[in-house]
Amino acid sequence: DTGVSQDPRHKITKRGQNVTFRCDPISEHNRLYWYRQTLGQGPEFLTYFQNEAQLEKSRLLSDRFSAERPKGSFSTLEIQRTEQGDSAMYLCASSLVLAKEETQYFGPGTRLLVL
Amino acid sequence: AQKVTQAQTEISVVEKEDVTLDCVYETRDTTYYLFWYKQPPSGELVFLIRRNSFDEQNEISGRYSWNFQKSTSSFNFTITASQVVDSAVYFCALSEADNYGQNFVFGPGTRLSVLP
């Protein structure tokens, strides 16, 4: 399968614990995005990378959230000291930006439940 | 601040009908991108289109078409001859550049039900 993959698909944790999610983009895609979506709501942008550089992070995002993309390949999203409000689906997308064109491909998401 | 409005919360049509999903945006930037995404019942988001603010040409892709009008700040999406497989939640989104770099805002979504 050559699509975007995310691991784990589901995560249940207790409030205050740290969690880390992984996203493997489509090979050779230079851009990688993280979004969050709560039930019944639209997605919310978190951050994105151009290769290994983190170009933008949502101004609304807490300092408890951090993301990395070492070597410009896979990416990890870490949430420290989780809160119940962090419960959501975390979506990753990748794209190959060429000139004016860009098509994003989404992974299946990681569903987080904070108890 | 940027904002995306999708006034239609839910729409139901009968198969083969045409349907238009409305999207109205607010931005003070002159450079921005507009997007449409589809989220079927399976949950996985599907990218449909990206349009930059300098390209007002309408776009057609099979049964899908998009009407971008800067004068009314709208980027409407039309599905021609709808099919049951078009049933999904559709999101419009705006990405703009500001002093802090680009940021994305999604609309609340329109749930489309296509009945057989």
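Computed from a predicted model, the values in this text were never measured in an experiment.

> Just to check I follow, could you spell out the overall build of chain B for this structure?
Across its full length, chain B holds zero helices and 12 strands. Over its C-alpha trace chain B gives a radius of gyration of 14 Å, about what one expects of a compact globule, namely 13 Å for 116 residues. Along the first, second and third principal axes, the C-alpha set of chain B runs to 50 × 25 × 20 Å. Counting over 116 residues, chain B shows a buried share of 47%. Nonlocal contacts in chain B, meaning residues at least 24 apart in sequence, comprise 57% of its contacts between residues at least 6 apart. Looking at chain B as shown, the accessible area adds up to about 5,700 Å², and 48% of this sits on carbon and sulfur atoms. Averaging the coordinates of the 9 positive side-chain charges in chain B and doing the same for the 14 negative ones gives two points 1 Å apart.

> Is there a simple way to explain the pattern of salt bridges in this structure?
Pairing is possible between side chains that carry opposite charge, provided their charged atoms lie close to one another. All names here are of chain A. Counted under the stated rule, the structure contains seven salt bridges over all chains. In this structure, the salt-bridge partner of Asp24 is Arg22, at a minimum N-O distance of 2.7 Å. Classification of Asp24 as partly exposed rests on a relative accessible area of 26%. Owing to a relative accessible area of 34%, Arg22 belongs among the partly exposed residues under this scheme. Among the charged side chains, a salt-bridge network with shared partners connects Arg64, Glu83 and Asp86.

> It is not clear to me how the pairing of strand β7 (residues 65–68) of chain A should be interpreted in this structure. Could you clarify?
The side chains of a regular strand alternate between both faces of the sheet. The alternating pattern of β7 of chain A places Phe65 and Ala67 of chain A on a buried face and Ser66 and Glu68 of chain A on a face that is not buried. With antiparallel pairing between neighbouring strands as the criterion, β7 of chain A and strand β8 (residues 75–79) of chain A make up a hairpin whose turn holds six residues, including Lys71 of chain A at a positive phi of roughly 65 degrees.

> How should I be thinking about the interface of chain B and chain A in this particular structure?
Taken residue by residue, the interface counts 18 residues in chain B and 20 residues in chain A. The contact between chain B and chain A buries some 1,700 Å² in all, and 51% of this surface belongs to carbon and sulfur atoms. Contact with chain A buries surface across chain B, with Phe47, Arg50 and Phe104 of chain B losing the most and accounting together for 31% of the total. Our count for the contact surface shared by chain B and chain A stands at zero salt bridges. Between chain B and chain A we count two residue pairs in polar contact (both at pLDDT 80 or more) in total. Looking at the side of chain B that touches chain A, the elements with two or more residues in it are β5 (32–39), β6 (46–52), β10 (88–98) and β11 (101–106) of chain B.

> Teacher, can you tell me more about the state of the cysteines here?
Working definition: the covalent bond between the sulfur atoms of two cysteines is a disulfide. Residue and element names in this part refer to chain B. A full pass over the atoms with the stated rule returns two disulfides over all chains. There is a disulfide in this structure between Cys23 and Cys92, and the S-S distance comes to 2.0 Å. What sets the handedness of the Cys23 and Cys92 disulfide is the S-S torsion sign, and at about -65 degrees it is left-handed. Pair noted here: Cys23 is in the loop between β3 (19–21) and β4 (24–26) and Cys92 is in strand β10, with a separation of 69 residues, a long-range link.

> Can you walk me through the environment of Asp55 of chain B in this structure?
Residue and element names in this part refer to chain B. Here Asp55 lies in the loop between β6 and β7 (59–61). The exposure class assigned to Asp55 is partly exposed, which follows from its relative accessible area of 27%. C-alpha separation for the pair Asp55 and Tyr33, spaced 22 residues apart in sequence, amounts to 9.8 Å. Only 3.1 Å separates the side chain of Asp55 from the backbone nitrogen of Gln57, close enough to count as a polar contact.

Quick notes on the rules
Residues numbered from 1 in each chain as written. Chains lettered and ligands numbered in written order. Predicted model: local features only at pLDDT ≥ 70, side-chain atom pairs only at ≥ 80, totals over all residues. Heavy atoms only, no water. Helix = DSSP H or I, 4+ residues; strand = E, 2+ residues; numbered from the N terminus. Rg over C-alpha atoms; globule rule 2.2 N^0.38 Å. Buried < 20%, exposed > 50% of the residue type's maximum accessible area, 1.4 Å probe, protein only. Contact = heavy atoms within 4.5 Å. Areas by Shrake-Rupley, 256 points an atom, 1.4 Å probe, with all protein chains shown as cover. Lys, Arg positive; Asp, Glu negative; His and termini not counted. Charge placed at Lys NZ, Arg CZ, Asp CG, Glu CD. Salt bridge = Lys/Arg side-chain N within 4 Å of Asp/Glu carboxyl O. Pairing = 2+ DSSP bridges. Buried area = accessible area lost by both parts, 1.4 Å probe. Polar contact = N/O pair within 3.5 Å; in protein donor to acceptor, adjacent residues only side chain to side chain. Disulfide = S-S within 2.5 Å.

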